[in-house]
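Remarks on the overall topology
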Amino acid sequence: MLNKLSVKIGLLFFLVIIIVEITLFYILYTNLVNDRVEEVMGDLLARGNTHRDVLEENYTASTLNHVAIMESESDFIVVITNDAGETITSSNPIEPEMTAVIEHKDHDGIPDEGVILQSDWSNEKYVSTDSPITINETHRGHVFMFAESANIKRIIGQLSQQFLFVGLLIIFLTIITVLILSRVIAQPLLRMKKATEQLSRGNHEVELYTNRKDELGELATSISRLSKDLERLKNERNEFLGSISHELRTPLTYMKGYTDIISRKDVSVKDRNKYIKIIQEETGHLTELIKNLFELAKIDQNEFSIKKEKIIYGELLHTVKARIQPAIDERKIKLSVFCPDNLVVSVDPERIQQVLLNILDNAIKYTPKGSNIGMEVSQNKHEILTTISDTGAGIPEEDIPYVFERLYRSEKSRSRSNGGSGLGLTIAKEIVQLHGGKIELESTPGKGAVFIISLQKGDTNEESFID
Ligand SMILES: Nc1ncnc2c1ncn2[C@@H]1O[C@H](COP(=O)(O)OP(=O)(O)OP(=O)(O)O)[C@@H](O)[C@H]1O
Ligand SMILES: [Mg+2]
């Protein structure tokens, strides 16, 4: 239960808000209470001072009596003493708690505006003030005012009740807000958790509809995209496995068929040799296919390492040309190579040779005898471009997006007879990408195909040439 995100968020919010609220309430409450007490004490003192002023004007028995009668009807108590400290008159009977206060008779240090004698309303029964009476600069006694602490307690009690009510209301509202908030945050996360569980169970068609534009919305979109990617990968894998088994079965069927024929007694030596040659060729294709598959598997598992070194590109191109020369000669093809002198590239020479050989091998295979193939290197500010063009049949427009895919051949039967398995360009593309470059194809059917390999230049321009 405590491990649930919604509960965690909820509790955290709740604690923080409650702590803030309690602190604010405490400050507000103490300030209000102090204000109220100060107000009551101020009133009490002002009342005593008023009586004192009246008495200073008119210090007679009837005035004294009048003051006492007036206060006997109010919530306050007045006690008037003479300069000897004896009580002359009081509005109510004097209680023991009052005597200690009244007993002080000196007026030293008591200012004319009076003093608050007792303001400790929480412990004492009465709060009190003292206003000294001075007539013609002679001290004539004191006007003591008392108020019951219970009155103040009542006022404070009411205040506390109001605070309690508002406090409870706020806690209630806080709980509701926290509940809504934690649900708003946790609910989509729960949906996403369910979705990812489904993904791991193999149900890849998970769709998380959300209008949210925040991080949670982005996460939901990412999960939906992930599910689509997984579905696509699953389909691709199935298709790939299907094609592979087909690719492996076909040559094996041929080989089985021909070995059956060879093992028959009535086969002439000439036919036997012909069939053995076919079997040899098919074995060669199979070996090539398995080698390529192995290479792709290594690329997929990131085990295919690229060891870049700085080489003169023109030299590499001529090595490639030399390697492909026998095939060119056989098909009477003219291969022209152009590369700027001393152009330096930072590549894995073996791998880039493999790329160029794969593309040139296609150009030779899919171009009629006696045509032209060009391999040309140019450069711009950031890239070195290698363009390989042929004058063959080209690639149909609808096939262009797929030629780099695994096992893709635009004309299955023709390529088969040429021994192609549809992996050459896939490997070429992966190698170029591992170099941080890209490979593009432009083709006009009937006019030939053009492959453009773009490789990033080194950090500085000067690096591209050796002086
Ligand atoms: N220069 C080209 N002219 C016409 N078609 C081409 C050319 N290069 C590639 N293709 C088409 O693209 C397909 C894929 O090429 P890719 O090199 O990947 O496979 P492949 O040559 O059939 O087999 P592999 O290279 O594995 O022996 C070829 O089967 C062919 O149909
Ligand atoms: Mg090929």
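Source: prediction; values computed, not measured.

All right, on to the overall build of the protein then. Of the regular secondary structure elements, the protein holds 10 helices and 12 strands. What you see for the protein is a C-alpha radius of gyration of 52 Å, clearly larger than the 23 Å of a compact globule of 467 residues, by over 25%. On the principal axes, the C-alpha backbone points of the protein span a range of 160 × 60 × 35 Å. For the protein, the share of sequence-separated contacts (at least 6 apart) that also reach a separation of at least 24 residues comes to 66%. Taken as a whole, the protein presents about 28,000 Å² of accessible surface, with 55% of it coming from carbon and sulfur. The distance from the centre of the 53 positive side-chain charges to the centre of the 68 negative ones in the protein is 22 Å.

Moving on, we get to the environment of I328. For I328, the position within the fold is in helix α7 (residues 313-330). Counting along the chain gives 44 residues from I328 to N372, while the straight-line C-alpha distance between them is 10.0 Å. Sequence-distant contacts of I328, defined by excluding residues within four places in its chain, comprise I333, L335 and I364.

Inspection of every chain in the model, using the stated rule, returns seven aromatic pairs. Residues Y254 and Y258 carry aromatic rings whose centres are separated by 6.5 Å and whose planes lie at 10 degrees to one another, so their mutual orientation is stacked. Within this pair, Y254 and its partner Y258 are both found in helix α5 (residues 215-262), separated by four residues, close to a single helical turn. Judged by its relative accessible area of 37%, Y254 falls in the partly exposed class.

On to the nonpolar core, then. Ranked by internal contacts, the top residues of the largest apolar core, which has 54 residues, are Y313 and L356. Top element by residues in this core is helix α8 (residues 349-365). It accounts for eight residues. Two domains share this core, each providing at least three of its residues, namely domain 2 (237-300) and domain 3 (309-464). Excluding anything up to four places from it in sequence, L356 contacts Y313, L316, L317, V320, M375, T386, I388 and I453. Counting residues in hydrophobic clusters, the runner-up holds 22 residues, among them M41, V67, V143 and I156.

For the protein, the domain assignment lists domain 1 (5-155), domain 2 (237-300) and domain 3 (309-464). The C-alpha centroid of domain 3 is placed 27 Å from the C-alpha centroid of domain 2. In this complex, domain 2 contributes 15 residues to the contact, which on the side of domain 3 involves 12 residues. Counting the surface lost from both domain 2 and domain 3, the interface buries some 1,300 Å², and carbon and sulfur atoms represent 62% of this. When residues of domain 2 are sorted by the area they lose upon contact with domain 3, E247, L296 and I299 head the list and together hold 40% of the total. The salt bridge partner of R406 is D300, with a shortest N-O separation of 3.0 Å. Across the domain 2-domain 3 interface, the total number found is two residue pairs in polar contact (both at pLDDT 80 or more). When residues of the side of domain 2 that touches domain 3 are traced back to their parent elements, those giving at least two are α5 and α6 (269-300).

Right, let's get into the sheet that holds strand β9 (residues 372-379). Note: strands within a sheet are paired through backbone hydrogen bonds, in either parallel or antiparallel orientation. Reading across from one edge, β7-β9-β10-β12-β11 is the order of the five strands in this open sheet, with mixed pairing throughout. Each edge of the open sheet is held by one strand with a lone partner, namely β7 (334-338) and β11 (438-444). Going across the sheet, the axis of each strand differs from the next one's by a mean of 15 degrees, ignoring polarity. Strand direction decides the pairing type here: β9 and strand β10 (residues 383-390), joined by seven bridges, are antiparallel.

Rules used throughout
Residues numbered from 1 in each chain as written. Chains lettered and ligands numbered in written order. Predicted model: local features only at pLDDT ≥ 70, side-chain atom pairs only at ≥ 80, totals over all residues. Heavy atoms only, no water. Helix = DSSP H or I, 4+ residues; strand = E, 2+ residues; numbered from the N terminus. Rg over C-alpha atoms; globule rule 2.2 N^0.38 Å. Contact = heavy atoms within 4.5 Å. Areas by Shrake-Rupley, 256 points an atom, 1.4 Å probe, with all protein chains shown as cover. Lys, Arg positive; Asp, Glu negative; His and termini not counted. Charge placed at Lys NZ, Arg CZ, Asp CG, Glu CD. Phe/Tyr/Trp six-rings, centres within 6.5 Å; stacked < 30°, edge-to-face > 60°. Buried < 20%, exposed > 50% of the residue type's maximum accessible area, 1.4 Å probe, protein only. Core = buried A, V, L, I, M, F, W, Y, C linked by side-chain atoms within 4.5 Å. Domains from an automatic or database assignment. Buried area = accessible area lost by both parts, 1.4 Å probe. Salt bridge = Lys/Arg side-chain N within 4 Å of Asp/Glu carboxyl O. Polar contact = N/O pair within 3.5 Å; in protein donor to acceptor, adjacent residues only side chain to side chain. Pairing = 2+ DSSP bridges. Axes fitted to C-alpha atoms, helices over the stretch in contact; angles between N-to-C directions.

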